[in-house]
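Residue strings, one per chain:
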Amino acid sequence: MFITTKLWSTYNQPAKVKEGFMKSLTDLKLDYVDLYLIHWPTGLKPSNDILPMNDKGEPCFDDVDYIDTWKVLETLVDEGLCKAIGVSNFNIKQIERVLAIAKHPVAVNQVENHPVCVQNELVDFCQSKNITVTAYSPLGCPNRPTPYTPDDPQPLQNPIVKEIAAAHNKTPAQILIRFQIDRGIVVIPKSVTPRRIKENIDVFDFKLTEDEMSKLKSLGINKRLIAFNEVKKHQYYPF
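Values in this document were obtained by computation on a predicted structure and should not be read as measured data. (Residues numbered from 1 in each chain as written. Predicted model: local features only at pLDDT ≥ 70, side-chain atom pairs only at ≥ 80, totals over all residues. Heavy atoms only, no water.)

1. Some words on the packing of helix H3 (residues 92-101) against helix H4 (residues 120-128)
- Two elements in contact, H3 and H4, have axes whose closest approach is 10 Å; the angle formed by their N-to-C orientations is 15°. With respect to each other, H3 and H4 are oriented roughly parallel. You can see that H3 and H4 cross each other, and the crossing is right-handed. Contacts from Ile92, Ile95, Glu96 and Leu99 in H3 reach Glu121, Leu122, Phe125 and Cys126 in H4. (Axes fitted to C-alpha atoms, helices over the stretch in contact; angles between N-to-C directions. Helix = DSSP H or I, 4+ residues; strand = E, 2+ residues; numbered from the N terminus. Parallel < 35°, antiparallel > 145°, perpendicular 65-115°, else oblique. Left-handed = near helix turned anticlockwise from the far one by under 90°. Contact = heavy atoms within 4.5 Å.)

Structure follows, in structure tokens:
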């Protein structure tokens, strides 16, 4: 088993990083984790609330530099509390800033990725720096808290995805997962249904053709379904 967890934005302050980490470690009942990530480059004021708000109903931003957050993550590696560290939802410029000062490798950048949001430039950059890209919401986040609108693309319902699935006698979800694997991307689909969990693993007995990969990549319109718009005005908002 490989355990990954993330530092939430209300713990981005250097003085709060270890507190946030130890809370996760206690909740998981572990002595260490394999991978620890900065969840977002956008810091929020320390709070017990996931998204602290002021009296005007606005998020309480913290201008802490994610570089300072990263430096504390490196001490967690030095202490043997995590084996590797990385980032999540960081753009190219932000990763470049981290790489310029990093003493430990940036192991991973975990980002939203599916055929509608392929992020080719970011993926190519990370892979050129030996940073593993992990795709969250690879199925397009069908059960996200904010319902789909008529304008939102739904990868699982896309005709091209369904056509490729039928050609391989696979489900649309299996095609979306295999799409990431064939790009050299780690993929973490989420499910609580035993049948679907089994299906999500059953993707290693086929491979997508170059033509099929091209068709799936052509769907990319850089449409984010997890944009965290609440912090869009933050100076370190990555999108």
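2. What about the environment of Gln157?
- Inspection of the secondary structure assignment puts Gln157 in the loop between strand S5 (132-136) and helix H5 (159-168).
- Linking Gln157 and Lys83, residues 74 residues apart in sequence, is a C-alpha distance of 39 Å.
- Within the structure, the side chain of Gln157 is placed 3.3 Å from the side chain of Lys162, a separation counted as a polar contact. (Polar contact = N/O pair within 3.5 Å; in protein donor to acceptor, adjacent residues only side chain to side chain.)

3. Focus: the pattern of salt bridges
- With the rule as written, the count across this model stands at eleven salt bridges.
- One salt bridge in this structure joins Asp182 and Lys207, with 3.6 Å as the shortest N-O distance. Residue Asp182 is found in the loop between helix H6 (172-181) and strand S6 (186-187), and its partner Lys207 is found in the loop between helix H7 (194-201) and helix H8 (210-217); the two are separated by 25 residues along the sequence. (Salt bridge = Lys/Arg side-chain N within 4 Å of Asp/Glu carboxyl O.)

4. Comments concerning the sheet that holds S6
- Strand order in the open sheet formed by six strands is S1-S2-S3-S4-S5-S6, with parallel pairing between adjacent strands. This sheet does not close on itself; its edge strands, each paired only once, are strand S1 (4-7) and S6.
- As judged from the three bridges shared by strand S3 (residues 82-88) and strand S4 (residues 106-112), these two strands associate in the parallel manner. By the bridge assignment, Ser88 is partnered in S4 with Gln110. (Pairing = 2+ DSSP bridges.)

5. Some words on the side chain of Gln180
- Within the secondary structure, Gln180 sits in helix H6.
- Judged by relative accessible area, Gln180 falls into the buried class, the value being 0%.
- Not counting residues up to four positions away in its chain, the partners in contact with Gln180 are Asn113, His114, Ala135, Ile185 and Val187. (Buried < 20%, exposed > 50% of the residue type's maximum accessible area, 1.4 Å probe, protein only.)

6. Focus on the pairing of S4
- Counted residue by residue, S4 has six buried out of seven residues, so it is predominantly covered.
- Crossover S3 to S4 through H3 is right-handed.
- Pairing of S4 with S5 involves five bridges; the strand directions are parallel. Paired with Glu112 across the strands is Tyr136, a residue of S5.
- Tracing the backbone out of S4, into H4 and back to the parallel element S5 gives a crossover that is right-handed. (Right-handed = clockwise from strand over helix to strand, strands pointing away.)

7. What about the packing of helix H2 (residues 66-78) against H3?
- Direction vectors running N to C along H2 and H3 enclose 45°, while the axes themselves pass 10 Å from each other. Relative to H3, the element H2 is oriented oblique. Judged by the twist between their axes, the crossing of H2 over H3 is right-handed. Taken together, the residues of H3 that come into contact with H2 (itself represented by Tyr66, Ile67, Trp70 and Lys71) are Gln94, Arg97, Val98 and Ile101.

Geometric values such as these leave the question of function open.
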